[in-house]
Amino acid sequence: MNPSKRRTVIAGNWKMNFTPAEATAFINEIKPMVAGKDNCDILFCAPYVTIAAAMEAAKGSNIKIGAENVHFAPKGAYTGEVSAEMLKAIGVEYVIIGHSERRQYFGETDETVNLRTKAALEAGLKVILCLGEVKEQRLAGITDEIVGMQTKLDLADVSAEQLKNVIIAYEPVWAIGTGLTATPEQAEETCATIRRVLALMYSEEVAESVTIQYGGSMNEKNAAELLAKTNVDGGLIGGASLVAEKFTAIVDAAQ
Ligand code: PGA
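Residues numbered from 1 in each chain as written. Predicted model: local features only at pLDDT ≥ 70, side-chain atom pairs only at ≥ 80, totals over all residues. Heavy atoms only, no water.

Draft legend 1. Geometry of the site of the ligand. Taken together, 13 residues are adjacent to the ligand, and Lys-15, His-99, Glu-171, Gly-177 and Ser-217 come closest. One of the backbone nitrogen or oxygen atoms of Gly-177 is found 2.7 Å away from an oxygen atom of the ligand. Out of a free accessible area of 290 Å², the ligand has 95% covered by protein chains. Residue classes in the shell around the ligand are distributed as four nonpolar, seven polar and two charged. (Near = heavy atom within 4 Å. Polar contact = N/O pair within 3.5 Å; in protein donor to acceptor, adjacent residues only side chain to side chain. Areas by Shrake-Rupley, 256 points an atom, 1.4 Å probe, with all protein chains shown as cover. Nonpolar A, V, L, I, M, F, W, Y, C, P; charged D, E, K, R; others polar.)

Draft legend 2. Looking closely at the sheet that holds strand β5 (residues 126-131). Pairing is parallel around the closed barrel formed by eight strands, whose spatial order is β1-β2-β3-β4-β5-β6-β7-β8. Across the sheet, the axes of successive neighbouring strands diverge by a mean angle of 30 degrees, strand direction being ignored. Bridging between strand β3 (residues 63-67) and strand β4 (residues 94-97) involves two bridges; their strand directions are parallel. Among the inter-strand pairings, Gly-66 is bridged to a residue of β4, identified as Tyr-94. (Pairing = 2+ DSSP bridges. Helix = DSSP H or I, 4+ residues; strand = E, 2+ residues; numbered from the N terminus. Axes fitted to C-alpha atoms, helices over the stretch in contact; angles between N-to-C directions.)

Draft legend 3. Up close: unusual backbone geometry. Residue Phe-18 is not a glycine yet carries a positive backbone phi of 80 degrees. Of note, the phi angle at Asp-157 is positive, near 65 degrees, even though the residue is not glycine. Mapped onto the elements, Asp-157 comes out in the loop between α7 (143-154) and α8 (160-163).

Pasting the structure below:
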């Protein structure tokens, strides 16, 4: 875990789960379980229609609520999309961008991920930027090239000042929702690679300050080992973020 000033962030990604009522019940359940655990930031990214209820339930606690995506235009003819201004207007602070499910199933590219990232940052949101290689790329030995390219393209024209509001989530696509987790060594190596690319793009100092999470089947059993690595500064958690005991155990592993 980050030895320096980097903030550890344990974030849940609820994906397409939880109605407003279910989110309220979940937050009410987990709130006392994570109360006072302040060595890490704790947040859940929720479906758009669930955000308001989750925020209401989380009021006054150490839990923050974010969104799972955001469009790059301020407004206009983009049926089904939500703008950064709209998220800001309801008090959202964090947004996930570039999740592999968005890239795989909804045609998002490094270009649209970059546009969304810049729009979110310009609106004052904090971004959790997801990137990672697919299985064939890992097997072909080109993981470093892939994550390096994604880091450069997704953060094109993002200033060092804006980067202060960016968390990077390294999520090997083959590990997401599969039960296959990267080994702590694999997670460490690739997070370190991303940090080296950031050092080239910005500076050593800037790169050292960026929180880089690991995501992909992180759970209550493997979290401690993953979070113990120098360059792994937190987790982005899917499945295990839907079960209060499991998520709390991950928060405990980060303490
Ligand atoms: P998982 O999902 O923990 O269910 O693998 C992680 C993610 O998609 O962010």
